[in-house]
Amino acid sequence: MNPADPKHPWSRLAAAARRVPDARDTTAPYGFSTRIAARAMTAERPMGSLFERLSWRALGVACLLAFASVALNFSALASPHPEEELATGGDDVVAVLLDLS
Amino acid sequence: MPEDDPPFDVPGCLARVRQRDQQAARDLVDHLYPLVIRIVRSHLPRRVLEEDLAQEVFMKMFTRIDQYQGAVPFPHWVSRIAVTTCIDHLRAQKRRPEFRWADLSEGEADVLDAVMTNESDVAPDDALEAHELVHKLLDQLKPDDRMVIQLLDLEQKTIAEISGLTGWSQSLVKVRAFRARRKLQKLFTDLKRKERS
């Protein structure tokens with residue numbers, strides 16, 4: 001017999017246990033909420049959120065530095081490199097090797 | 001609570017709590033205490049004080065309050081914190097006491113004997129002994145299995161509700177219920193074999 005079966009001893013015990021009323025008071029004990037609120041509101045922010053805030057700040061600084069370095073080196077980046085000019089201006093190496101021209 | 005009391009304004013209270021308003025935090029604790037203490041009492045591990053466990057639940061709630069997105073009602077979100085906190089404490093209890101006839105009271109042994117030897121329901125006068133027996137039997141299960149069977153059979157929650165409360169998938173809840181019932185079946189078989197001395 002399976003314990004899920006209503007005739008199983010477990011099911012009959014559980015059914016009887018459910019009939020026991022819980023008459024205990026469910027209001028918070030005196031001073032409980034004051035103590036919890038004081039502890040929670042004065043507690044420092046958790047390390048997770050501190051790390052999160054620092055990470056965002058670090059990301060901002062990193063972006064700023066990236067933009068600054070691009071701006072400072074823009075003229076160098078914009079003008080074509082002399083070596084690059086040679087490479088693009090010369091003959092096609094493959095064509096030369098295969099003697100296609 | 002009188003019928004004509006205005007409903008508790010949870011979103012408004014949460015907004016004030018997020019601004020570190022202590023009065024709002026107190027109101028929130030007072031409002032949620034009955035819900036939390038019912039869960040804590042139902043799943044209270046041995047040698048743990050219910051007030052300590054309730055305090056831990058509320059401290060977790062305040063620590064994580066910024067993570068609450070409003071996808072589920074706030075009391076459901078807090079219930080989940082309470083249930084998972086209880087499971088953590090149950091898991092921390094490494095040893096589970098062995099279930100023996102000799103450790104039962106006279107009344108408990110009589111009730112257990114009766115349910116194992118006949119098919120009639122437990123008499124209303126014996127409900128308290130049955131309640132104690134059920135909790136002693138639940139103590140034999142693994143914490144996760146115990147939680148599932150308690151929510152299913154004692155609190156009569158549905159699989160979907162248990163899934164929502166624990167954060168486990170519905171398949172996992174079913175697997176745990178199956179495993180717990182198999183263990184209970186084994187317990188009853190062993191008890192029957194040993195008989196009452």
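Rules used throughout
- Residues numbered from 1 in each chain as written.
- Chains lettered and ligands numbered in written order.
- Predicted model: local features only at pLDDT ≥ 70, side-chain atom pairs only at ≥ 80, totals over all residues.
- Helix = DSSP H or I, 4+ residues; strand = E, 2+ residues; numbered from the N terminus.
- Buried ≥ 20, exposed ≤ 12 C-beta atoms within 10 Å, placed from the backbone.
- Contact = placed C-beta atoms within 7 Å.
- Nonpolar A, V, L, I, M, F, W, Y, C, P; charged D, E, K, R; others polar.
- Core = buried A, V, L, I, M, F, W, Y, C linked by C-beta atoms within 7 Å.
- pLDDT = per-residue confidence, 0-100.
- Expected span 1.5 Å × (residues − 1).
- Bend = angle between axes of the 7 residues up to and from the residue.

Caption draft 1: Fine view of the overall build of chain A. Regarding its fold elements, chain A presents six helices and zero strands. When the helices and strands of chain A are placed in sequence order, the string is α-α-α-α-α-α. Burial statistics for chain A: of 101 residues in total, 13% are counted as buried.

Caption draft 2: Local environment of the overall build of chain B. Each helix and strand counted, chain B has nine helices and zero strands in total. For chain B, the sequential pattern of α-helices and β-strands runs α-α-α-α-α-α-α-α-α. By its C-alpha atoms, chain B is 65 × 35 × 30 Å across when sized along the principal axes. Residue burial in chain B is summarised as follows: out of 197 residues, 28% are buried. The contacts of chain B with a sequence gap of at least 6 include a subset with a gap of at least 24, amounting to 62%.

Caption draft 3: A look at the interface of chain B and chain A. Taken together, the contact between chain B and chain A spans 36 residues of the former and 30 residues of the latter. Those elements that provide at least two residues to the side of chain B that touches chain A are α2 (22-42), α3 (50-63), α5 (106-117), α6 (127-138), α7 (143-154) and α9 (170-194) of chain B. Top contributing element to the side of chain B that touches chain A by residue count: α2(B), with nine residues. For the side of chain B that touches chain A, the per-class residue count stands at 20 nonpolar, five polar and eleven charged.

Caption draft 4: Fine view of the environment of B:Val36. Counting through the fold element by element, B:Val36 comes out in helix α2. When near neighbours in sequence (up to four residues on either side) are disregarded, B:Val36 contacts B:Ala54, B:Val57, B:Phe58, B:Val78 and B:Ala82.

Caption draft 5: Just the environment of B:His135, in detail. Following the sequence through the fold, B:His135 ends up in helix α6. For B:His135, a count of 16 C-beta atoms within 10 Å translates into the label partly exposed.

Caption draft 6: Just the nonpolar core, in detail. In terms of nonpolar packing, the biggest core is built from 51 residues, with A:Leu13, B:Val29, B:Val36, B:Val40 and B:Val148 touching the most fellow members. In terms of residues, this core owes the most to one element, α2(B), which gives ten residues. Once residues within four sequence positions are removed from consideration, B:Val29 is found in contact with A:Ala28, A:Phe32, A:Ser33, A:Ile36, A:Ala37 and B:Phe58.

Caption draft 7: Spatial organisation of the confidence of the model for chain A. Predicted confidence across chain A gives a mean pLDDT of 79, with 77% of residues reaching 70 or more. Per-element averaging of pLDDT across chain A places helix α5 (residues 82-89) of chain A at the bottom with 56 and helix α2 (residues 32-42) of chain A at the top with 91.

Caption draft 8: Spatial organisation of the confidence of the model for chain B. All names here are of chain B. Looking at chain B as a whole, the pLDDT averages 88, with 95% of positions reaching at least 70. No element of chain B has a lower mean pLDDT than α5, at 86, and none a higher one than α3, at 94. Reported confidences for the modelled complex are a pTM of 0.71 and an ipTM of 0.80.

Caption draft 9: Spatial organisation of the environment of B:Pro73. With respect to the helices and strands, the residue B:Pro73 is situated in the loop between α3 and α4 (74-92). Distance in space between the C-alpha atoms of B:Pro73 and B:Pro11 is 9.9 Å, their sequence separation being 62 residues.

Caption draft 10: Highlighting unusual backbone geometry. Residue and element names in this part refer to chain B. Despite not being glycine, Arg20 shows a phi value in the positive range, around 65°. With respect to the element layout, Arg20 can be found in the loop between α1 (10-18) and α2. Not every positive phi belongs to a glycine, and Gln156 is a case in point at roughly 50°. When the 10 C-beta atoms within 10 Å are taken as the criterion, Gln156 is described as exposed.

Caption draft 11: Examining α2(B) more closely. The end-to-end C-alpha distance of α2(B) is 29 Å, a good match for the 30 Å that 21 residues give at a rise of 1.5 Å each. By the largest-angle criterion, B:Tyr33 marks the main kink of α2(B), which is about 50°, and a proline, B:Pro34, follows within four residues. Looking at α2(B), one finds that the buried residues are B:Ala24, B:Ala25, B:Arg26, B:Leu28, B:Val29, B:Leu32, B:Tyr33, B:Val36, B:Ile37, B:Ile39 and B:Val40. On its buried face, α2(B) sits against α2 of chain A together with α1, α3 and α4 of chain B.

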